Amino acid sequence: MKYHNNDKIVNRNTRPVFVLSSIALAVLTVVSQASAQELQRVEVTGSSIKRLASEASLPVTMVTGEELEKRGMTTLADLMMSLPESASLAPSNAGSGTNINLRGLGVNRTLVLLNGRRLANEAIADGYANLDVIPMSAIARVEILRDGASSIYGSDAIGGVVNFITKRTFNGTSVSAQAVKPQQSGGGDEQRFSATFGTGDLNKDGWNLYGTIDAHRRSRLLASDRADLSTPDILTSIGRAPTLGSGGYAMPANFTTATNKTAANPYYASGCVGPYSIQGAKNTCILNAAYYGTALYGNEQVTFYAKGTKKLSEDHVITIDYMRGQEQILGTKNPTTSLAANGVNAILPSTSKWYPGGSGGVPAVAGLKGEPLTVTWSVADLAEATTKDVQLNQRVTLNDEGRFGNWDYKAGFVYGNSQRDNYYESGYVNGPGLLTGIANGSLNPFGLQDANGKAYLKSISVDGAQNRHSISTYTGVDFTASTELMTLAGGPLTLALGTDFHRDTTEDTKTDITSVVTYAASGPAHGQGARNVAAAYAEMEIPLTKELNLNVAVRDDHFSDFGNTVNPKASFRYQPMKSLMFRGSANTGFRAPTLFDRYGYRVAGANATTAAKWDDPVQCPGGTPGVAGTGKALPGLVASAVCNVALPRQTGSNPDLIPETSRGATLGVVVEPMKDLTISADYWHIEMKDMLANLPEQVYFLNPTKYADLFVRNADGSLAYIKNITMNLGGQKASGIDVSLAYALPKTSVGEFRFRIDGTYLTQFDNQLEKDSAYISNVGRFGVASNGTTSSFPIITFRWKHTMTLSWAQGNWNSQLTQNYNTGYHDQNLVAADYFRDIEPYSVWNWTASYRGFKNLTIAAGITNLLNAKPPITNHSAYTYGYLSSAASPIGRAFNARLTYTF
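None of these values were measured; they are calculated from a predicted model. (Residues numbered from 1 in each chain as written. Predicted model: local features only at pLDDT ≥ 70, side-chain atom pairs only at ≥ 80, totals over all residues. Heavy atoms only, no water.)

**Some details on the overall build of the protein**
Secondary structure assignment for the protein yields nine helices and 47 strands. Relative to its length of 903 residues, the protein is compact, with a C-alpha radius of gyration of 29 Å against a globular reference of 29 Å. In terms of overall dimensions, the protein has C-alpha extents of about 100 × 60 × 50 Å along its principal axes. Burial statistics for the protein: of 903 residues in total, 58% are counted as buried. Sequence-distant contacts, at least 24 apart, represent 71% of the contacts inside the protein between residues at least 6 apart. If the 77 positive side-chain charges of the protein are averaged to one point and the 75 negative ones to another, these points end up 3 Å apart. (Helix = DSSP H or I, 4+ residues; strand = E, 2+ residues; numbered from the N terminus. Rg over C-alpha atoms; globule rule 2.2 N^0.38 Å. Buried < 20%, exposed > 50% of the residue type's maximum accessible area, 1.4 Å probe, protein only. Contact = heavy atoms within 4.5 Å. Lys, Arg positive; Asp, Glu negative; His and termini not counted. Charge placed at Lys NZ, Arg CZ, Asp CG, Glu CD.)

So this is what it looks like as structure tokens:
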């Protein structure tokens, strides 16, 4: 399946056929599904009607499995991050794994399919699929529909559809091993192994059976592994000097007394204790964030996929497949701290040998007279607090496809089960037990532990305990049939009718152990819910003339908890000449709250802390709104407890949510001004109402008076929690232009060269925080929109983002040079005005080459980040180590090698 240099834009009755889907490719040259002599009618993502791919009128990006290998990609996350239409965040820094966020509208608005059917969602949020569980070695191609498909796949396909399509058959054996080694020392290295086995020839034997296993591992990359990216000088230059903090949790501990609320530290004068802490402000030590920070989490993935196909006749094929994907992510936080528990603070009495000036050797502190000390201690002996997140996603499907009379039909059954378990892997202890150890002298809050202290920490450890168990399921049946009703001037008038029924369930439990692990800022909770959705839909292909083709579709979904919604879609394709084509579409959408958002756990108080540090606007007033560390604690309060500190936050479900609605449209043109040169441009626009999201943290602190009702306070005025559950906000408007240019240069004696650039220019990205309020533009800045259930961080939108490739082929040699580029943007700038700044454009070049001259063996090698581009430096409030790992990779230049043996 290959393209030829003489491919043309032609109408449906002309040969050879040009695969029109390729015009809109955002990444690469697409491989055709049939030669000119073996034309097949296929089902293209976004339609239920089989057709020649050249007849498509929707903007579809297509990426083959072969291209993933050519570009040296090791995971599907590499693809998602490179797509110009995607605003996905780096998956390794999200415990949920890889998700995709088309158009920046949120991961809940991008529908992910495997062979045209849904998977069970990631189990905690239950609103999106984790791509890491999809077996990359089984992928034949990925189709990305860049407009809504609510009328075909479900009312929630607002931002677009990503359809992972596996190989139809495989015969033989193929084994591949791949390794990625960063040039700079430290973590971030990768290893990948895959093996595929298949037997049976579908055409000769009438059956085929194959299976593939794929394993991938990446080691943790510490912030200290890239210490040059966040030196004290760099952090100071962007307004986030490491020494700005004071009096927080550290080792050695800071302390206050009942009469003196100004924190102090017995080791401040000697420079604190490296590498665990550094000198902060006002005679205190602070945690060394650069030492404990994680740039990229370590993770492991093992996926398995098996597929059996039986051809009963030329018009009747039955397929059954099974997918099993498991992922393990180790997440790290700063070490466990001595948080108050059950109303008891961490008190060090004068009877402890670790009291300053006592027999334990802790330096004396002038002015102390034996009064009890309240200590804020970070337990360095335990290293980082590490969680282990294990996800297991399984799916089985049965597909019956054939022809009955004049009708083509497809019927299927799918069952998916997604399970997610979280464990306290290491570094967590019983919180009340930690306070007891301080009080009775077993633990030294001002230094590393002696043998007795180490034994005590071991006795209160909860390492290995499970803290959360979540399950989501998806069970569905579907049936679609299509037939030609009559012949119009442009071809057959085709009707497709379909119905499907599916049931979603979710159950999420935080275990009892969370009640005693105070540092985790969580607690026991349970939530569960279920939803039935029944749908009927119709689609009609109307070829009015050979030049003009219309497509109309409508879908009626009935939700067991929200009633009916009807969503139509219309599209057109007009091709007045072989070298010119126009296309467009319009649709509506309806997205019900996810099961977690509506029926998930609910707690009475705080169950998390803010991702960034802030000033409590009531108890640490007087500062610059949104700029932590500029307020002043009220008299009698400990500054480190209310100023420049992570504050308690409440997350969970909201029973009052209502569905959001949307409407969208596209309008595009494709031209071929000369042989082997194709240019396309597609304008898209999406509007949403009653948008389901949670407010990013900075919104609360930039205008605390407006959002005062979301700061829930105790009777004494202290902050109980910030209410940060999912809400129905206002509206959102997003628009842009997808452009593509592909050119195959004339053949030369030194090989064939192809050039391609695909990009997205964002013209509008406006958010409305409340209904009827003003819209705020988020183009080229940290916006007021968030990632919903995955993060309270704001979406980052680029004005322009593109992927550019230059490929070369000569005999057994292939090579490709790729550039991923995005424009600069305004930094978050929640710092003093003197430090306001813009982030420069970011560009990464990757190079790969392969050789197939050895029998059965392919050798590939490459260099990722060829020019060793540094990730952007940001003053984002949550990035205490300075660089923006969510929008770029901190790994730097890395070397990539792969061997594939086929026999």
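Structure shown, so let's carry the discussion forward.
**Regarding the nonpolar core**
Residues L647, L695, Y700, F701, I722 and F765 are the most contacted members of the largest nonpolar core, which totals 30 residues. Elements with a minimum of two residues in this core: β31 (677-689), α9 (697-702), β34 (719-723) and β37 (752-767). Among all residues touching F701, those that are not within four sequence positions of it are W614, D615, P617, P625, G626, L647, F711 and I722. (Core = buried A, V, L, I, M, F, W, Y, C linked by side-chain atoms within 4.5 Å.)

**Considering a nonpolar patch on the surface**
Among the surface-exposed residues, I320, L398, F413, Y415, V477 and F501 lie close enough to one another that they form a single nonpolar patch of about 510 Å² accessible area. Mapped onto the secondary structure, V477 falls in strand β22 (residues 466-488). Taking the relative accessible area as the measure of exposure, V477 reaches 42% and is therefore partly exposed. (Patch = residues over 30% accessible without salt bridge, like charges linked within 9 Å, V, L, I, M, F, W, Y side chains within 5 Å. Areas by Shrake-Rupley, 256 points an atom, 1.4 Å probe, with all protein chains shown as cover. Salt bridge = Lys/Arg side-chain N within 4 Å of Asp/Glu carboxyl O.)

**Some remarks on the state of the cysteines**
Under the counting rule described, the total for this entry stands at two disulfides. A sulfur-sulfur separation of 2.0 Å characterises the disulfide bridge that pairs C272 with C285. Disulfide C272-C285: the torsion about the S-S bond is -95 degrees, which places it as left-handed. You can see C272 sitting in the loop between β12 (254-256) and β13 (277-279) and its partner C285 sitting in strand β14 (residues 285-287), a full 13 residues away along the chain. (Disulfide = S-S within 2.5 Å.)

**Some words on the packing of aromatic side chains**
What characterises a pair of aromatic rings is the spacing of the ring centres plus the angle enclosed by the ring planes. All chains considered together, the criterion is met by 21 aromatic pairs. Seen from their ring centres, F304 and Y322 are 6.4 Å apart, and the 55 degrees between their planes marks the pair as tilted. Here F304 is found in strand β16 (residues 298-313), whereas its partner Y322 is found in strand β17 (residues 316-333), with 18 residues between them in sequence. In this structure F304 comes out as partly exposed when scored by relative accessible area, which is 32%. Of the residues examined, Y322 reaches a relative accessible area of 29% and is grouped as partly exposed. Plain terms: the ring middles of Y700 and Y707 are 6.3 Å apart, the flat faces sit at 50 degrees to each other, and that makes the pair tilted. Judged by its relative accessible area of 7%, Y707 falls in the buried class. (Phe/Tyr/Trp six-rings, centres within 6.5 Å; stacked < 30°, edge-to-face > 60°.)

**Concerning helix α6 (residues 451-459)**
For α6, the full list of buried residues reads G453, Y456 and L457. Here the buried residues of α6 occupy an arc of 100 degrees about the axis, which is enough to place them on one side. Those residues of α6 that are exposed and angled more than 90 degrees off the buried face are A451, K454, K458 and S459. The N-cap of α6, judged by a side-chain oxygen 3.2 Å from the amide nitrogen of N452 a few residues on, is D450. (Arc of directions from axis to C-beta. Polar contact = N/O pair within 3.5 Å; in protein donor to acceptor, adjacent residues only side chain to side chain.)

**Re the pairing of strand β45 (residues 842-854)**
Pairing analysis gives 10 bridges linking strand β42 (residues 813-822) to β45, with the strands arranged antiparallel. Bridge pairing in β45 links N820 to V844. In this sheet, strand β46 (residues 857-864) lies alongside β45 in antiparallel orientation, the contact comprising six bridges. Residue pairing across strands places S850 opposite A860, the latter belonging to β46. (Pairing = 2+ DSSP bridges.)

**Digging into the side chain of D504**
Relative to the helices and strands, D504 is located in strand β23 (residues 491-510). Nearest to the buried, unbridged D504 among oppositely charged side chains is R531, at 5.7 Å. In terms of polar contacts, D504 uses its side chain to reach the side chain of H502, at 3.5 Å. In this structure, D504 is in contact with T473, Y474, G529, A530, R531 and L595, ignoring residues within four places of it in sequence.

**A closer look at the sheet that holds strand β19 (residues 373-376)**
Strand order across the open sheet formed by three strands is β12-β19-β18, with antiparallel pairing between neighbours. Looking at the sheet topology across the chains shown, the edges are occupied by β12 and β18 (347-348). In terms of strand pairing, β12 meets β19 through three bridges, oriented antiparallel. By the bridge assignment for β19, T256 is matched with T374.

**A few points about the confidence of the model for the protein**
Here the protein averages 87 in pLDDT, while 92% of its residues score no lower than 70. Predicted confidence is poor over residues 1-39, with pLDDT under 50, and the contacts of this stretch with residues over four places away or in other chains come to 116 contacts. Note on residues 51-55: pLDDT under 50 across the span, and 23 contacts to partners over four residues away in sequence or across chains. (pLDDT = per-residue confidence, 0-100.)

**Remarks on the environment of A861**
Relative to the assigned elements, A861 resides in strand β46. Assessed through its relative accessible area of 37%, A861 is described here as partly exposed. Each C-alpha atom of the pair A861 and L899 lies 8.8 Å from the other, and the pair is 38 residues apart in sequence. Excluding residues that lie within four positions of it along the chain, A861 makes contacts with W847, T848, A849, N896 and A897.

**Quick look at the pattern of salt bridges**
Taken as a whole and assessed by the stated rule, the structure comprises 29 salt bridges. Note that R192 and D214 form a salt bridge whose closest N and O atoms lie 2.7 Å from each other. A residue pair is termed long-range when its members are at least 10 positions apart, and R192 in strand β9 (residues 190-199) and D214 in strand β10 (residues 207-218) qualify at 22 residues. Of the two residues, R192 and D214, neither departs from the other in class, the shared state being buried. Of the charged contacts in the structure, one is a salt bridge between D450 and K353, with a shortest N-O distance of 3.5 Å. Taken together, the residues D450 in the loop between α5 (431-439) and α6 and K353 in the loop between β18 and β19 connect sequence positions 97 residues apart. The exposure class assigned to D450 is partly exposed, which follows from its relative accessible area of 27%.

**Looking at the sheet that holds strand β3 (residues 60-64)**
Judged by pairing direction, the sheet is mixed, and its five strands sit side by side in the order β3-β6-β7-β4-β5 without closing on themselves. Of all strands in the sheet, those bounded by a partner on one side alone are β3 and β5 (117-118). As paired strands, strand β4 (residues 110-114) and β5 are joined by two bridges and run antiparallel to one another. Looking across to β5, one finds that L113 is bridged to R118.

**Some points on the pairing of β3**
Where burial is concerned, most of β3 is hidden: five out of the five residues are buried. Residue alternation in β3 divides its side chains into two sets, V60, M62 and T64 and T61 and V63, and both sets are buried. Two elements, β3 and strand β6 (residues 139-145), share five bridges in a ladder whose sense is antiparallel. Within β6, the position partnered with V60 by the bridge is L145.

**Digging into unusual backbone geometry**
Cis rather than trans, the peptide bond between M251 and P252 has omega equal to 5 degrees. Following the sequence through the fold, P252 ends up in the loop between α3 (232-237) and β12. Geometrically, the link from G274 to P275 is a cis peptide bond, its omega value of 0 degrees lying close to zero. As for its placement among the helices and strands, P275 is situated in the loop between β12 and β13. Located in the positive-phi region is N868, a residue other than glycine, with phi close to 55 degrees. With respect to the element layout, N868 can be found in the loop between β46 and β47 (894-902).

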